[in-house]
Every structure is written in C-alpha cells, then in structure tokens.
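Spelled out from the first residue to the last, the chains are:
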Amino acid sequence: MTEFVVMGLLPNIAEDLTPALWASSPEDAIAQAGWLISLYALGVVVGAPTIAGSVAKYPRHRVMIGLALALTVFNALTFLAPTFEMVAASRFLAGLPHGAYFGIGALVAADVLGPGMRAKGVAFVLTGLTVANVVGVPLGTYLGQQVGWRAAFMVVAAIFAAATILIAIFVPEHPGDPGRTLRAELKVFGIRQVWLALGVGAIGFGGFFAVYSYVAPMVTEVAGSPEWVVPVVLVLMGLGMTVGNLVGGHLADVNLKRTLVGGLIGLAVVLVLLAVTAQWIWALGFFVFATGFVASVLSPTIQTRLMDVAADNQSIAAALNHSALNIGNSLGAFLGGLVIAAGWGFVAPAWVGVALALGGLALALTSLAFERRRVSVPA
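Residues numbered from 1 in each chain as written. Predicted model: local features only at pLDDT ≥ 70, side-chain atom pairs only at ≥ 80, totals over all residues. Heavy atoms only, no water.

(A) Focus on the packing of helix H14 (residues 215–222) against helix H15 (residues 229–254). Following both chains from N to C, one finds H14 and H15 inclined at 130 degrees, their axes separated by 9 Å at the closest point. By the criterion of interaxial angle, the relationship of H14 to H15 is oblique. Here H14 runs over H15; the crossing is right-handed. Touching Val-215, Ala-216, Val-219 and Thr-220 of H14 are Val-229, Val-230, Val-233, Leu-234 and Met-237, all from H15. Residue composition of the contact of H14 with H15, grouped by class: eight nonpolar, one polar and no charged. (Axes fitted to C-alpha atoms, helices over the stretch in contact; angles between N-to-C directions. Helix = DSSP H or I, 4+ residues; strand = E, 2+ residues; numbered from the N terminus. Parallel < 35°, antiparallel > 145°, perpendicular 65-115°, else oblique. Left-handed = near helix turned anticlockwise from the far one by under 90°. Contact = heavy atoms within 4.5 Å. Nonpolar A, V, L, I, M, F, W, Y, C, P; charged D, E, K, R; others polar.)

(B) Representation of the pattern of salt bridges within the structure. Counted by the stated rule, this structure contains two salt bridges. A salt bridge links Lys-257 to Glu-371; its shortest N-O distance comes to 2.7 Å. Of this pair, Lys-257 sits in helix H16 (residues 256–277) while Glu-371 sits in helix H19 (residues 348–376), and the two are 114 residues apart along the sequence. Judged by relative accessible area, Lys-257 falls into the partly exposed class, the value being 40%. Linking Arg-305 and Glu-371 is a salt bridge whose minimum nitrogen-to-oxygen distance equals 3.0 Å. (Salt bridge = Lys/Arg side-chain N within 4 Å of Asp/Glu carboxyl O. Buried < 20%, exposed > 50% of the residue type's maximum accessible area, 1.4 Å probe, protein only.)

(C) Expanded view of the packing of aromatic side chains. On inspection of all chains with the given rule, the structure shows 12 aromatic pairs. Look at Phe-208 and Tyr-212: their rings are 5.2 Å apart centre to centre, the planes differ by 50 degrees, and that puts the pair in the tilted class. Taken together, the positions of Phe-208 and Tyr-212, both in helix H13 (residues 206–212) and four residues apart, correspond to about one turn of that helix. A relative accessible area of 1% places Phe-208 in the buried class. Given a relative accessible area of 0%, Tyr-212 falls into the buried group. (Phe/Tyr/Trp six-rings, centres within 6.5 Å; stacked < 30°, edge-to-face > 60°.)

Set out below in structure tokens:
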C-alpha cells in the first residue's frame, strides 16, 4: 500500500501540492506528481542492496522488525510533510528499507517451504503486495478522495506499526549468516547473469508501471468515467495481481524459463489491447485486470531467477529484485509522465509499456542464450 496508493491519488496530490501548476495545466501537474512514484522507487534502488548486504549477518527476523519500524516512521513523515519538496523527500526515505524488507521476508519463506517450492514461498510473501492492491490501495484511494490524500498515508503508517508488532510476535527466529559482509555480498555484481536478470525486471516490468502509474487519469479522462470508478478499477488490478502472483509461483516452480518468456510476451500483447480499447470503461477494466495478472506472473518468476543466478549471495539477490522492479516503477512512471506532458494523451503510457515489455523480452532471451551456450561448451 505504501508504494502503490500514490498512483490512485496522483490528481489529488497534484492539485493540493502544486496548485499554481494545476490551475494552468493539470496534465503537467500530474506529471510532476509522478515524481513521487519515481523517488520512492529510487529509494528502493539505493536502499535494497546497501541495507540487505549490510545486515546479511544478523538474524533475519530481527532485521525485519527494524525495517518495519523504519517504514512506520517514514510513512508518518509523508502524512505530516507540508510541502511538495518535503513529501518528495519522505517518499525517498520510505523507499530505502523496502527492498531489504521484502527480500529478507522472501528468503525466510523460501527456506521454510524448502527445495522445489521456493518460488511458491516468494509468491506467498509477494501476495502481501497484491492483496494491498485489492483492499488497501482502493480503500486508501477512496479515503484520500473523500477526506484528503494525507489520510491514506496515516493509514499506511498505522498498518506498518501493527506489522512491526505482529512480526515480533509471529515470525520465527531465523539466523543470518555471520560470515557474510557487505563487501562479500557486493560480489554479486560481478555475475553477468545477475545484471541481465536485473535488466529484465527493470525494463520488462517497467511496462506494467507505465500503465499502473496513470490508471486514474486513464479512467476519468480517456474512458470518461467519474472519479469513484478509479478505486473499482484499482480493485480489478489488484485481483489480477493476486491471482497472477499465485499462478506465477506455481508455473515458475514447474518451468521458470518458459514462464519468464511467456509472461513478457503476454504483457506486451495485453498492453496493446488495453491501448486500443481504453475509451470503453468495460474494456479498460478487463485489460487492467489482465495487465495485473500477467505482470504478477512475472514477479515471483524474476525474483526466483535472480536467486538462481546469484550463487551464494542470496540476501542481496532477494533484495535486488525489488531494486529492479522499482527501477521499472521509476522508469515506467517517468516515461509515462513524459509522453503525457508531451501532449500525446493519457493512453500513450500503454504504448510505452509495450516497448518496455519487449525490451525486457529481448534481455530475457539474451540471458537464456548465454546460458545455453555455457552449458554446450565442454568443461
């Protein structure tokens, strides 16, 4: 919810924090508000490898408590910050613990379920993200529209406070690796396949965020629907993400490579269909659901792929997946805002998404080709 609730409230935030720009050009104001999405994503990109690598040697359940507490504080700052600049700073800070928090949680779940079910463990943790899109984001969007966008972040801070307590009570003790250091973990960046897997996540998944970031104006300005329809469409997105995430965890355990390639092709196709039918709200709702489904099939698939190619650098690899996805978040939001500000309309981000999905597909095929070539070469 902390990451995605901004997207349904972009018009409200833009009108409140940039009133002069909103009065002259709502499109430019919304595009500027999109920087809040990019800055959160940048925080994830910076924080995930540095924090995860630095805490790899500590007990994982204690690390999760500390990260949840940090997320509580920084989301409370977003609620309290009076200006656009301060809100932007608070979003960057809130993004810093994000990748390590979910990455370490995924490692714990994967270890609990054991070999042959690692992708299901990853998907189980990521289901928290998708359930947030079914319940938290639509309710937060509705609350923000009715009471003010800050109220949504008050709820987010309260949820993280509760999560901190629940993790302390229910997450079992899980040791870290006392021998791991940040320097040792950073060796993961010397592995070519890790860079390709990160590229698949950053570019391919960016196609999803190019659309998701601008769902609200697409519903109201392109389909001509009233504002109250936005939370309904967000629920459809969240339902698609929840189902897709669970299906993706199963398919990745069966055949990870086919799931990766098929998911990227499917994402490109769905975004084309969304772009050409967005003027009809029923079609927009259906293809938003389909976009969430296909994108979330990819989510546990990409994370498991990254863990597979990262050798023994598992803590930082699990967190780096969230860096990659949030580079995609930042890239998709930025490019989507760019084409909107250029006057190409609110459907243009969907075409940006198609290009990004195809770029991710090219990287995935390159990665698999390198792998085949390595296997075919005699030892």
